[in-house]
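Breakdown of the fold
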Amino acid sequence: MAGVTDAELKEMTQEERVTALGMRTEALTGKSLYVEFDPDAEERFTYPWAPDVDFNKRTEMDCDGMTTTEVNSGIRDLMAQGYGTVVLKNPRGMHSLGVGILSKLNLIIEGSTGYFAVGLIDGPNVRINGRVGWSCGENMMSGTIMIEKNAGSTFGAAIRGGDLVCRGSVGSRTGIDQKGGTIIVGGDTGALSGFMMQRGRMVVCGNAGKNLGDSMYDGTIFVGGEIKSLGVDAVEAELTDLDKAWLTRKLTQYGLMPEKGVDHFTKIVAGKMLWNYDNLEPTEKKLIL
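In this numbering scheme, every chain counts its residues from 1 along its sequence in written order. The predicted origin of the model limits local features to residues at a pLDDT of at least 70 and limits the giving and counting of side-chain atom pairs to 80 or more, whereas totals for whole chains, interfaces and linings rest on all residues. Excluded from the side-chain calculations are hydrogens and water; all other atoms, namely the structure's heavy atoms, are used.

1. Some points on the pattern of salt bridges
Put simply, the rule is: A pair is scored as a salt bridge if a Lys or Arg side-chain nitrogen falls within 4 Å of a carboxyl oxygen belonging to Asp or Glu. Per the convention used, a helix needs a DSSP run of H or I reaching at least four residues, while a strand needs a run of E reaching at least two, with both numbered from the N terminus. The buried label goes to any residue with under 20% of its type's maximum accessible area, the exposed label to any with over 50%, and the partly exposed label to all in between, with areas taken from a 1.4 Å probe on protein chains only.
In this structure the tally under the stated criterion is 8 salt bridges. A salt bridge links E110 to K89; the nearest nitrogen and oxygen atoms lie 2.8 Å apart. Of the two residues, E110 sits in strand β3 (residues 106-110) while K89 sits in strand β2 (residues 83-89), which places them 21 residues apart along the sequence. Given a relative accessible area of 32%, E110 falls into the partly exposed group. A residue is classified by how much of its surface remains accessible, and K89, at 26% relative accessible area, is partly exposed. A salt bridge links D263 to K244; the shortest N-O distance between them is 3.7 Å. With D263 in the loop between α4 (241-253) and β11 (266-270) and K244 in helix α4, this pair connects stretches of sequence that are 19 residues apart. Looking at K244, the relative accessible area reads 24%, which means it is partly exposed. Here the residues in one salt-bridge network are E60, K89 and E110, joined through shared partners.

In structure tokens:
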């Protein structure tokens, strides 16, 4: 920017630098949260077509020789019969298992799954006793998913709510475009995890790859191991007592609490230098015209 030297920029605080570079035209004040539902209205929290299931009513389904469509349709048929606990045997790496379940259900998958397992769910509790491929839990709204082994890339892509937990390590781009909820990784995560993160929390008990939190808008990332590098606008923040209490509760809940506690975790948040990018848009349009 004309009139500001590199040396002067280095001496500025982050807030001063944002203003000096013309990335802010007005203060970000007056934000409000529009409440779209009445929390006292119980009917708003369930879908009108959701079956009434009994968790104590349990059954098994052998997936061997079945197509994905047949398995997913079978799950819905069993739910319509009131089964609240369904065990899938021999999934054999099948893709898109258990997607689109919009009701309470205990779903246990005994084995490994392929891509897009249990995505687009809103309510069920899922346990997968093997590995999962890419994009497990994509666009998850609520409920819990527990993976006992490792997971592929884009784990929890665009997740909006609930708890998505992997006891092992996961691939790259974990929590890409995360919009809410909690992602917990017991091992390591790959490059570009938290890319374009908007809300929610991510906990990585092990190491994180390159460009962690790149272009994140909001949200929080906690890393217990080493961070290869931070992405654009991702910065380290103070680990508060509230953070430590939350980490302790969550990691204890899923049996992932480190022996040395949580004091060693690094907290990563958005620097928020990208919050005002659309303020540049009118100027850019004039330049283009």
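Let us keep going from here.
2. A closer look at the packing of aromatic side chains
We count it as follows: Geometry of aromatic contacts follows a simple scheme: Phe, Tyr and Trp rings, the Trp one being its six-membered ring, pair when their centres are within 6.5 Å, and the pair is stacked under 30 degrees between planes, edge-to-face over 60, tilted otherwise. Any Lys NZ or Arg CZ that is within 6 Å of a ring centre and within 35 degrees of that ring's normal is treated as a charge sitting over the ring.
Inspection of the entire model under this criterion finds 4 aromatic pairs. With centroids separated by 6.3 Å and ring planes inclined at 90 degrees, the aromatic side chains of Y115 and F116 adopt a geometry described as edge-to-face. A residue is classified by how much of its surface remains accessible, and F116, at 37% relative accessible area, is partly exposed. If you follow K104 out to its NZ or CZ, it ends over the ring of F55, 5.7 Å from the centre. The ring of W246 is capped by R201, whose NZ or CZ atom sits 4.5 Å from the centre of that ring.

3. Some words on the side chain of D214
The criterion, for reference: Neither His nor the chain ends is counted toward charge; the positive residues are Lys and Arg and the negative residues Asp and Glu. Pairing of N or O atoms within 3.5 Å defines a polar contact, subject to two protein rules: one partner must be a possible hydrogen donor and the other a possible acceptor, and residues neighboring in sequence count only if both atoms are side-chain atoms. Throughout, a residue-residue contact means that at least one pair of heavy atoms, one from each residue, lies within 4.5 Å.
In this structure, D214 sits in the loop between β8 (199-204) and β9 (220-223). Buried charged residue D214 carries no salt bridge. Nearest counter-charge: R173, at 11 Å. Of the polar contacts made by the side chain of D214, one reaches the backbone nitrogen of V232; its length is 2.8 Å. Once residues within four sequence positions are removed from consideration, D214 is found in contact with L192, G194, F195, M196, G231 and V232.

4. Some points on the nonpolar core
For clarity, the cut-off: Residues belong to one nonpolar core when they are buried, are Ala, Val, Leu, Ile, Met, Phe, Trp, Tyr or Cys, and are joined through side-chain atoms within 4.5 Å.
Among the nonpolar cores identified, the biggest contains 45 residues, and I75, L88, L107, V118, I145, I147 and F155 are the most heavily contacted of them. The greatest single-element share of this core, amounting to 4 residues, is contributed by helix α3 (residues 68-80). Setting aside residues up to four positions removed in sequence, I75 forms contacts with M61, L88, G98, I101, L105 and L107. Within the second largest apolar cluster, 14 residues are counted, among which are V165, I184, V203 and L256.

5. Some details on a nonpolar patch on the surface
Here is the rule we go by: A patch consists of residues exposed above 30% relative accessible area that lack any salt bridge, with like charges linked at up to 9 Å and nonpolar side chains (Val, Leu, Ile, Met, Phe, Trp, Tyr) linked at up to 5 Å. Residue exposure ignores everything except the shown protein chains as possible cover, and the areas themselves are Shrake-Rupley values with a 1.4 Å probe.
A contiguous nonpolar patch, built from Y115, F116 and W134 and spanning about 310 Å² of accessible area, is present on the exposed surface. Taking relative accessible area as the criterion, W134 reaches 42% and is therefore assigned partly exposed.

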